[in-house]
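# Examination of the molecular architecture
Chain by chain, the residues:
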Amino acid sequence: MTNPVTLTGMTWDHPRAYDSLVAASARWHAQTGVQINWEKRSLQDFADVPIHSLADAYDLVILDHPHVGQIAESGCLLPLPPMPIETSMGGSVESYMWNGKYWAWPIDGACQMAVVRPDMDAPFPTHWDEVLTASAADFRLVTALKPVDAFDLMLTMVASRGEEKLPFSATEFCSRANGERALAVLKALFKLGPQEAVEWNPIHVLEILSESDDFAGSPALFGYVNYARPGFRKHQLRYFDLPVFSDTGARRSILGGAGIGVSARRPNAEAAKDFAAWITSEPIQSGVYLENEGQPAHIDTWRTKQDDPTYAGFLKGGFETMRTAWTRPRDAWFLHFVDDACAVFPDFFLKDMSESAFMDQLNALYQNALKKADQ
């Protein structure tokens, strides 16, 4: 008689990422006898900790797609069979492909969306330039401006101006005109909210919006389906599509979400792969995963569940923004550049740096990241 298989998994610390996996794993154990024990790390570690440092200890790793360049270089995860592109919400499937191989399957779909407290009935900007006007305070906005979120929102705005192919050149990460336009809007959003927002991530802002009456909405943050569900918090939130620039009208939000990868360094890879295929399938995404705080990546779940009142405030409201989401660079140098950019981003707000001076600093950091990658 063979011993039952026990797998270990690592995710991040939020009901969306943890409760959904625990519930699905219990269902999987009942069906197959395979036990999966999940541990969780902070959202910051989810973005920062290299996957190769987790692959020795965990059979399954929930990961962020910008890591795929490093994953491919290290070979710490197994390449997985291709998943049909038509199952993807936005670019979720393609975002885990690197050098012709899939290093994870999308389990969780997200991008930056707008969100409001519908019961407060406050006005809301439909165009980014509206936050630059004298009446912008009437919107009662708060924005998650923790460095990585500020940087990602800058990329969302640059892409929405038609500049999706980044880097722009060997010396400029993005064009100066679009970079400075995005930074001007970011500075205005900072001045509309509390100074402490430079330390706030999307979860923090969503908690404030759903538990207090301090603000009426946020123009862009990575959406969490949980806060649109009745009863999850004191006040129910509603998501909808991002503002646009009036001269382009395009909406190209930066893609977020998460993938599930299988360690190449652990003994039960086939069992881990079987679970990954099961939990990313439409019946499970639309069932036990979604029903237990999960945020689906499968497009059929977004389509079939968007009229369900339990999920409509997320799946329907932000559908178009998510469908057209944009995938950021995933080269190995990019994560080093992001780390360096995030280290200086608070100064842009707190020291009231000019857009031009900050672009000079970002481009210098970008050039340095390229040099490091070539060494």
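These remarks concern the structure in this document. Keep in mind the model is a prediction, meaning the values are calculated, not measured. (Residues numbered from 1 in each chain as written. Predicted model: local features only at pLDDT ≥ 70, side-chain atom pairs only at ≥ 80, totals over all residues. Heavy atoms only, no water.)

## Let's talk about the overall build of the protein
- Along the protein, the regular secondary structure elements total 13 helices and ten strands.
- Taking 21 Å as the expected radius of gyration for a compact globule of 375 residues, we find that the protein reaches 20 Å, a close match to that expectation.
- Principal-axis analysis of the C-alpha atoms gives the protein an extent of 75 × 55 × 35 Å.
- When the 375 residues of the protein are sorted by exposure, 57% land in the buried category.
- Considering only contacts within the protein whose residues lie at least 6 apart along the sequence, 75% involve residues at least 24 apart.
- Charged side chains of the protein number 32 positive and 48 negative; the gap between the two group centres comes to 1 Å. (Helix = DSSP H or I, 4+ residues; strand = E, 2+ residues; numbered from the N terminus. Rg over C-alpha atoms; globule rule 2.2 N^0.38 Å. Buried < 20%, exposed > 50% of the residue type's maximum accessible area, 1.4 Å probe, protein only. Contact = heavy atoms within 4.5 Å. Lys, Arg positive; Asp, Glu negative; His and termini not counted. Charge placed at Lys NZ, Arg CZ, Asp CG, Glu CD.)

## Some words on helix H7 (residues 269–279)
- In terms of residue burial, H7 counts as a mostly covered element, since eight of its eleven residues are buried.
- Looking at H7, one finds that the buried residues are Ala269, Ala271, Ala272, Lys273, Phe275, Ala276, Trp278 and Ile279.

## Let's talk about the pairing of strand S7 (residues 112–116)
- Along S7, five of the five residues are buried, which leaves the element largely enclosed by surrounding structure.
- The two faces of S7 match: Gln112, Ala114 and Val116 on one face and Met113 and Val115 on the other face are all buried.
- Relative to strand S8 (residues 217–222), S7 runs antiparallel, the two being bridged by four bridges. Each residue of the ladder has a partner; that of glutamine 112, found in S8, is phenylalanine 222.
- The pairing of S7 with strand S9 (residues 238–240) spans three bridges and is antiparallel. Each bridged residue has a counterpart across the sheet, and for valine 115 the counterpart in S9 is tyrosine 239. (Pairing = 2+ DSSP bridges.)

## What to know about the pattern of salt bridges
- Under the criterion given, the structure shown has 22 salt bridges.
- Here arginine 328 and aspartate 152 are joined by a salt bridge, their closest N and O atoms 3.8 Å apart. Taken together, the residues span a long stretch of sequence, with arginine 328 in the loop between helix H11 (319–323) and helix H12 (332–350) and aspartate 152 in helix H4 (residues 147–160) at a distance of 176 residues.
- On the basis of relative accessibility, which here comes to 8%, the residue arginine 328 falls in the buried class.
- Note that aspartate 347 and lysine 351 form a salt bridge whose closest N and O atoms lie 3.9 Å from each other.
- Judged by its relative accessible area of 27%, aspartate 347 falls in the partly exposed class.
- For lysine 351, a relative accessible area of 59% puts it in the exposed group.
- Salt bridges here are not isolated pairs; linked through shared partners, they connect Asp129, Arg161, Arg181 and Asp247. (Salt bridge = Lys/Arg side-chain N within 4 Å of Asp/Glu carboxyl O.)

## Quick word on the sheet that holds S9
- One open sheet accounts for three strands, arranged S8-S7-S9; its pairing is antiparallel. The two strands at the open ends of the sheet, each matched to only one other strand, are S8 and S9. Geometrically, the sheet is characterised by an average inter-axis angle of 35° between neighbouring strands, direction not taken into account.
- Running at roughly 105° to S7, H4 makes contact with S7 and S8 of the sheet. (Axes fitted to C-alpha atoms, helices over the stretch in contact; angles between N-to-C directions.)

## Remarks on the side chain of serine 92
- Within the secondary structure, serine 92 is located in the loop between helix H3 (68–74) and strand S4 (97–98).
- Judged by relative accessible area, serine 92 falls into the buried class, the value being 3%.
- Every residue in contact with serine 92, bar those within four places of it in the chain, is listed here: Pro106, Leu255 and Met322.

## A short note on H4
- In a regular helix each residue adds 1.5 Å, so 14 residues correspond to 20 Å; H4 covers 20 Å between its end C-alpha atoms and thus fits that length.
- In terms of burial, H4 is a largely internal element, 13 of the 14 residues being buried.
- Backbone geometry just after H4 places glycine 162 at a positive phi near 95°. (Expected span 1.5 Å × (residues − 1).)

## A short note on the packing of aromatic side chains
- Tallied over the full model, the rule gives 26 aromatic pairs.
- An angle of 80° between the planes, with centres 5.7 Å apart, marks the rings of phenylalanine 151 and phenylalanine 337 as edge-to-face. In this pair, phenylalanine 151 sits in helix H4 while phenylalanine 337 sits in helix H12, placing the two residues 186 residues apart along the sequence.
- Overall, phenylalanine 337 belongs to the buried group, its relative accessible area being 0%.
- The positively charged end of arginine 161 is found above the aromatic ring belonging to phenylalanine 245, 5.0 Å away from the centroid.
- Over the aromatic face of phenylalanine 232 sits the side chain of arginine 233, whose NZ or CZ is 4.2 Å from the ring centroid. (Phe/Tyr/Trp six-rings, centres within 6.5 Å; stacked < 30°, edge-to-face > 60°. Lys NZ or Arg CZ within 6 Å of the ring centre and 35° of its normal.)

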